Amino acid sequence: MSAFVLIVHPPGAAARTEEVDQLLAPVAYLGPHGKSLWAEANLAIGALLFSVAPEAARERQPLLGGDGRYLLAADARLDDRAGLLRRLGPAAGVDEGATDSELLLAAYLAWGEACLDQILGDYAFAVFDRQNQGLFAATDPLGLNRLFYTRSRAGAFVIASQEAMVLALPGLDLTWDRFAVGCWLLASPHRELSLFEEIHVLACGQSLTWTPQRQRVARWWQPDPARKIRYAHRGEYLEHYLEVMRAAVGDRLRSATGVVASELSGGIDSGTVTALAAGLVAGQGRGLVAISAVYPAHAECDEGDRIRASGAWLGIDHELLDMSEVHAQSYPLGFGPRPESLHAVDDPWAERMLGIAVAHRADVVLNGMGGDEMLFGAPQWVYAERLLRGDLGAIRDLVRFAQRFRLRSPWQELDRRLLRPLAGMALGPILPALRARRAGAWLPPWVAPDDALRMRLAERLFSSEVPRYGRRSTQSVWDGLRRSQSLMVIDGYRMNAARVGVDVRNPFFDLRLASFVLAVPPDLWHREGMTKWLARHALRGLLPPTVCWALDDRDFSGVVERAWRDSADIIAEQLRGFEPGSIPLLREVDLWLPRACDTTRQGPNFEVPASYALALVLFSLRRQFRI
């Protein structure tokens, strides 16, 4: 996870390295392998270097190409490097020893903006054309990496890979974006919005073409709803899924030390990643250590039995961390944001886990975040669509689903997951409007309906992202990917890891996997009363049966609710000295947090948005914004 910033002044103005150096300061920990500063005429570039790839020693930025015409700065980790090298051919002048940034520049020189169709991975980059004084920037399709840009008070164009660098601009006047803040408070941050109106975000397959005269933002990638993958036998889907997952995991094993750590819970997402990694490193002289959190003091959320079974089955090094008291004593105040970024959250679990990874000489950590978004979707649409096709087995599978997950009575589940979705299909586009009018039915108990209207919260909850698939079940997967909370968690996780020289990688956020999931029949993920049906069958023999077929997910909500109630008085005391409107944040947020504390104190009525409200207030106080 590197970092970079470019400043393009108006023609005639002189750029200085000191100005980009100042912007790099808030995230200096992202440069454990060096820092570079570059200035020429009206352009200044600063880069923090962090690479744990085998060719890391060659990393230099900015890179010059095209006989010195182009300058590239990037935060990039490319997949399928061998395939890219074949497509580039010998004329590109790069080989397998090239850095990811060098491959990226070679691709841009070969194909121009069309290079985006040729590369895979997690990346954000900017290319400056010294001849035309223009800039092209782009981000990966699934939003792992983002770019932030704005205009300085002096009229300079500034683009950076971390928002903290833009926030460090001298004299930048900021105004909270009400819609973006509202999305955050609903625990549904908008990936393509900053919390501030003056800062713009490039994310999720977007590109920016900029010149001093104009700028254009385009979405260079989005899934094709017409693309379908159909096989005659289910076994072919299993083989295809495993092929894609092995590629996603394998490409993320590249490491300078040759040692990789993998988080391992009792579920199948991290289990899939760890099991495939174990198979890939076997016989290659590389090391793998699994790291797991257990909660023996909280039986309702402890997965220790399954975790130990998976570790023994795989026969790999395995470290267990007892996190019972850490979470109970630290949450939620101990998970507050750092001043440089609302996403850079202190995390006691991450700190201890990363310490173990470093002790094993691992410089890469794999995890299973994104598995739920990619493989789950909304099962109610799957069952409803099956019934509409005349498949009466959907009723049987739904009853099994309710029984296995110990949900409400099968009849209640039939109403909730079958009859209501069918009614929703019949009502079609008018349903979101009907829901939006019933504000009290979906708002957290401390949010006033008038505030919700001003912040357009119904728009966030009930609008569906484009493109619209013909099937609601597939559309729900795409919406879940675009609105993923995991991406926000990953942002903070990667920042924490960079402080100790470790790169966190997420195989489930892989374009090849997303393209597969969105193209296969959606009922492959929900069959026989099981969730993630295809993934479970693919794991047979790779993980113990007690893990492959475990359906009773452990519940953390009780621990979280108790922690919130225990902290409510402390939070209220900290806020007591502030009158509504005195905290330099939106008036609504000033009022929401005390009401949230009152709600959690009264009983087990925990709402995740309370944590987001607290994070916003703490972030505002720590940065001391005057807005």
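The residue numbers shown here count from 1 along each chain, following its written sequence. Reporting of local features is limited, given that this is a predicted model, to residues whose pLDDT is at least 70; pairs of side-chain atoms are given and counted only at 80 or more, and all residues count toward the totals for whole chains, interfaces and linings. Excluding hydrogens and water, the side-chain values take into account all heavy atoms of the structure.

### Digging into the packing of aromatic side chains
Consideration 1: Centre distance within 6.5 Å is the pairing criterion for rings of Phe, Tyr and Trp, where only the six-membered ring of Trp is used; planes under 30 degrees apart are then read as stacked, over 60 as edge-to-face, and the remainder as tilted. Within the structure shown, the criterion is met by 12 aromatic pairs.
Consideration 2: Judged by centre distance (4.7 Å) and plane angle (40°), the ring pair of Trp176 and Phe196 falls under tilted. Of the two residues, Trp176 is situated in the loop between α4 (163-167) and α5 (178-185) and Phe196 in the loop between α5 and β10 (200-202); the sequence distance between them amounts to 20 residues.
Consideration 3: Measuring from ring centre to ring centre gives 5.9 Å for Trp221 and Trp478, while their planes differ by 70°; the resulting arrangement is edge-to-face. Placement of the pair is Trp221 in the loop between β12 (215-219) and α6 (234-251) and Trp478 in helix α18 (residues 472-482), with a sequence separation of 257 residues.
Consideration 4: An aromatic cluster of three or more residues is present, and its members are Tyr70, Tyr108, Tyr123, Phe125 and Phe136.
Consideration 5: The cationic tip of Arg472 hangs over the ring face of Trp381; the distance from NZ or CZ to the ring centre is 4.9 Å.
Consideration 6: Should the NZ of a Lys or the CZ of an Arg lie within 6 Å of a ring centre and within 35 degrees of the ring normal, that charge is described as sitting over the ring. In this structure, Arg499 packs its charged tip against the face of Tyr29, placed 3.7 Å from the ring centre. Here a strand is any run of E in DSSP of at least two residues, a helix any run of H or I of at least four, and the numbering for each starts at the N terminus.

### Structural notes on the pairing of strand β9 (residues 157-160)
If a strand is regular, its side chains alternate between the two faces of the sheet.
Consideration 1: Across the two faces of β9 the burial is the same, with Phe157 and Ile159 and Val158 and Ala160 all buried.
Consideration 2: In the sheet, strand β1 (residues 3-8) pairs with β9 via four bridges, with the strands oriented antiparallel. Considered in β9, the bridge of Leu6 is made with Ile159.
Consideration 3: Only strands joined by at least two bridges in the DSSP assignment are considered to pair. Where strand β8 (residues 147-151) meets β9, four bridges bridge the pair, whose relative direction is antiparallel. When the bridges of β9 are listed, Arg151 appears paired with Phe157.
Consideration 4: Here β8 folds back onto β9, and the loop between the two strands holds five residues, one of which, Gly155, carries a positive phi near 90°. The cut-offs for exposure are 20% and 50% of the maximum accessible area for each residue type, with area from a 1.4 Å probe on protein chains only; residues under the lower value are buried, those over the upper are exposed, and the others partly exposed.

### Comments concerning helix α3 (residues 100-111)
Consideration 1: Multiplying 1.5 Å by the helix residue count minus one yields the expected span of that helix. Helix length check: α3 (12 residues) gives 16 Å between terminal C-alpha atoms against 16 Å at 1.5 Å per residue, within 8%.
Consideration 2: If you check which residues of α3 are buried, you get Asp100, Ser101, Glu102, Leu103, Leu104, Leu105, Ala106, Ala107 and Tyr108.
Consideration 3: Buried residues along α3 sit against β4 (63-65), β5 (70-79), α2 (81-88), β6 (120-129) and β7 (134-139).
Consideration 4: One or two steps after α3, the chain reaches Gly112, where phi turns positive at roughly 65°. Only heavy atoms enter the contact rule, under which two residues are in contact if any of them lie within 4.5 Å.

### Quick notes on the pairing of β1
Consideration 1: The buried count for β1 comes to six of six residues, which makes it a mostly enclosed element.
Consideration 2: Neither face of β1 is exposed, since Ala3, Val5 and Ile7 on one face and Phe4, Leu6 and Val8 on the opposite face are all buried.
Consideration 3: Summarising the sheet, β1 and strand β3 (residues 43-48) pair through six bridges and their orientation is antiparallel. In the strand pairing of β3, Leu6 is matched with Ile45.

### Some words on the sheet that holds strand β15 (residues 317-322)
Consideration 1: Read across the open sheet, the five strands follow the order β15-β14-β13-β18-β19; overall the sheet is parallel. The open sheet terminates on both sides in strands that have one partner only, identified here as β15 and β19 (503-505). For this sheet, the mean inter-axis angle between neighbouring strands, taken without regard to orientation, is 25°.
Consideration 2: With three bridges connecting them, strand β18 (residues 364-366) and β19 associate as parallel partners. Looking across to β19, one finds that Val364 is bridged to Asp503. Axis lines are fitted through C-alpha atoms, for helices just across the contact stretch, and the angle between N-to-C directions can take any value from 0 to 180 degrees.

### Some points on the sheet that holds β12
Consideration 1: Read across the open sheet, the six strands follow the order β4-β5-β6-β7-β11-β12; overall the sheet is antiparallel. The sheet is open, and its two edges are formed by β4 and β12, each paired on a single side. Pairs of neighbouring strands in the sheet enclose a mean axial angle of 20°, with direction left out of account.

### Quick look at the confidence of the model for the chain
Consideration 1: The predictor reports its confidence for every residue as pLDDT, a score running from 0 up to 100. Confidence along the chain averages 83 in pLDDT terms, with 75% of residues attaining 70 or more.
Consideration 2: A low-confidence stretch, residues 578-585 (pLDDT under 50), is modelled with 21 contacts involving residues beyond four sequence positions or located in other chains.

### Remarks on the packing of α2 against α3
Consideration 1: Following both chains from N to C, one finds α2 and α3 inclined at 35°, their axes separated by 11 Å at the closest point. Crossing of α2 against α3: the hand is left-handed. Side by side, α2 and α3 meet where Arg81, Leu84, Leu85, Arg87 and Leu88 of the first sit next to Asp100, Leu103, Ala106, Ala107, Ala110 and Trp111 of the second.
Consideration 2: Residue classes follow a fixed rule: Ala, Val, Leu, Ile, Met, Phe, Trp, Tyr, Cys and Pro count as nonpolar, while Asp, Glu, Lys and Arg count as charged, and any other residue, Gly among them, counts as polar. For the contact of α2 with α3, the per-class residue count stands at eight nonpolar, no polar and three charged. Should the near helix be turned counterclockwise from the far one by less than a right angle, the crossing is left-handed, whereas a clockwise turn marks it as right-handed.

### Quick notes on the pattern of salt bridges
Consideration 1: Criterion for a salt bridge: a side-chain nitrogen of Lys or Arg within 4 Å of a carboxyl oxygen of Asp or Glu. Tallied over the entire structure, the rule returns 28 salt bridges.
Consideration 2: Note that Arg58 is salt-bridged to Glu102, the shortest N-O span being 3.1 Å. Separated by 44 residues along the polypeptide, Arg58 in the loop between β3 and β4 and Glu102 in helix α3 bring together distant segments of the chain.
Consideration 3: With its nearest N and O atoms 3.8 Å apart, the salt bridge here joins Asp79 to Arg512. With a gap of 433 residues between them, Asp79 in strand β5 and Arg512 in helix α20 (residues 511-517) connect regions that are remote in the sequence.
Consideration 4: In this structure, a network of salt bridges that share partners links the residues Arg77, Asp79, Asp122, Asp251, Arg252, Asp510 and Arg512.

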